[in-house]
Amino acid sequence: QVQLVESGGGLVQAGGSLRLSCAASGRFFSSYGMGWFRQGPGKEREFVAAVSWGGSITYYADSVKGRFTISRDNAKNTASLQMNTLKPEDTAIYYCARSQYGTATIDTHAYDYWGQGTQVTVSS
């Protein structure tokens, strides 16, 4: 059974930074792509970033490109999201998810395991 646990959320002022981490249990972590999604107040869940099984391929939503960086450490079964220059519109619950495939993908339906989420609040 795969479990994903996010950490690192919190309250930060606009322009600040946070680093989210996702700890994964279960086997073969390094075989699957990982992604980060978010759901803001009154909004639907949206794609943020994805990384392929080996970390060489990454995708980002246009809204975070140049500010956020996704990475993974297969030796530690973790995935991370470094968030810089945060804006109030980045306020959301952030979820990490494991893809059914090894590639990086923006398709929400490709992800079969999800964490519980971590709250990120950016004040203006």
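Residues numbered from 1 in each chain as written. Predicted model: local features only at pLDDT ≥ 70, side-chain atom pairs only at ≥ 80, totals over all residues. Heavy atoms only, no water.

A.B. asks: Even after reading the chapter, I still don't get the pattern of salt bridges, so can you show me in this structure?
C.D. replies: Oppositely charged side chains can pair when the atoms bearing their charge come close. On inspection of all chains with the given rule, the structure shows 5 salt bridges. Taken together, the salt bridges that share partners define one network made up of Arg38, Glu46, Arg67 and Asp90. (Salt bridge = Lys/Arg side-chain N within 4 Å of Asp/Glu carboxyl O.)

A.B. asks: Sorry if this is basic, but what is going on with the sheet that holds strand β1 (residues 4-7) here?
C.D. replies: Sheet strands line up and pair through hydrogen bonds in the backbone, either parallel or antiparallel. The 4 strands are arranged β1-β3-β8-β7 in an open sheet whose pairing can be described as antiparallel. Two strands in the sheet have a free side with no partner beyond their single neighbour: β1 and β7 (68-73). The average angle at which neighbouring strand axes cross in this sheet is 15°, direction not considered. (Pairing = 2+ DSSP bridges. Helix = DSSP H or I, 4+ residues; strand = E, 2+ residues; numbered from the N terminus. Axes fitted to C-alpha atoms, helices over the stretch in contact; angles between N-to-C directions.)

A.B. asks: So what exactly am I meant to see when it comes to a nonpolar patch on the surface here?
C.D. replies: A cluster of nonpolar residues, Ile57, Tyr59 and Ile106, forms a patch on the protein surface that exposes about 280 Å² of accessible area. Along the chain, Ile106 turns up in the loop between β9 (92-99) and β10 (111-114). (Patch = residues over 30% accessible without salt bridge, like charges linked within 9 Å, V, L, I, M, F, W, Y side chains within 5 Å. Areas by Shrake-Rupley, 256 points an atom, 1.4 Å probe, with all protein chains shown as cover.)

A.B. asks: Help me out: how do you make sense of the packing of aromatic side chains in this one?
C.D. replies: A ring pair, where both rings are aromatic, is described by two values, the distance of the centres and the angle of the planes. For the coordinates displayed, the defined rule picks out 4 aromatic pairs. Relative to Phe47, the ring of Phe37 lies with its centre 5.7 Å away and its plane at 75°, an arrangement referred to as edge-to-face. Here Phe37 is found in strand β4 (residues 34-39), whereas its partner Phe47 is found in strand β5 (residues 46-51), with 10 residues between them in sequence. Exposure class is identical for Phe37 and Phe47. Each is buried. An aromatic cluster is built from Phe37, Phe47, Tyr111 and Trp114, whose rings are joined through pairwise contacts. Stacked on the ring of Tyr95, the Lys or Arg Arg45 has its end atom at 4.0 Å from the ring centre. Above the plane of the ring of Phe29 lies Arg72, whose end atom (NZ or CZ) is 4.5 Å from the centre. (Phe/Tyr/Trp six-rings, centres within 6.5 Å; stacked < 30°, edge-to-face > 60°. Buried < 20%, exposed > 50% of the residue type's maximum accessible area, 1.4 Å probe, protein only. Lys NZ or Arg CZ within 6 Å of the ring centre and 35° of its normal.)

A.B. asks: I'm lost on the environment of Ser80 in this one. Help?
C.D. replies: With respect to the helices, strands and loops of the structure, Ser80 is situated in strand β8 (residues 78-83). A relative accessible area of 8% places Ser80 in the buried class. Sequence separation between Ser80 and Cys22 is 58 residues; the distance between their C-alpha atoms is 6.1 Å. Residue contacts for Ser80: discarding those within four places in its chain leaves Arg19, Leu20, Ser21, Trp36, Thr69, Ile70 and Ser71. (Contact = heavy atoms within 4.5 Å.)

A.B. asks: Is there a simple way to think about the pairing of β8 in this case?
C.D. replies: Regular strands show a simple pattern: their side chains alternate between the two faces of the sheet. Pairing geometry for strand β3 (residues 18-24) and β8, over 6 bridges, is antiparallel. Bridging across to β8, Arg19 finds its partner in Gln82. The pairing of β7 with β8 spans 6 bridges and is antiparallel. Pairing of Asp73 across the sheet is with Thr78, part of β8. In this antiparallel pair of consecutive strands, β7 and β8, the connection spans 4 residues, and Asn77 shows a positive phi of 55°.

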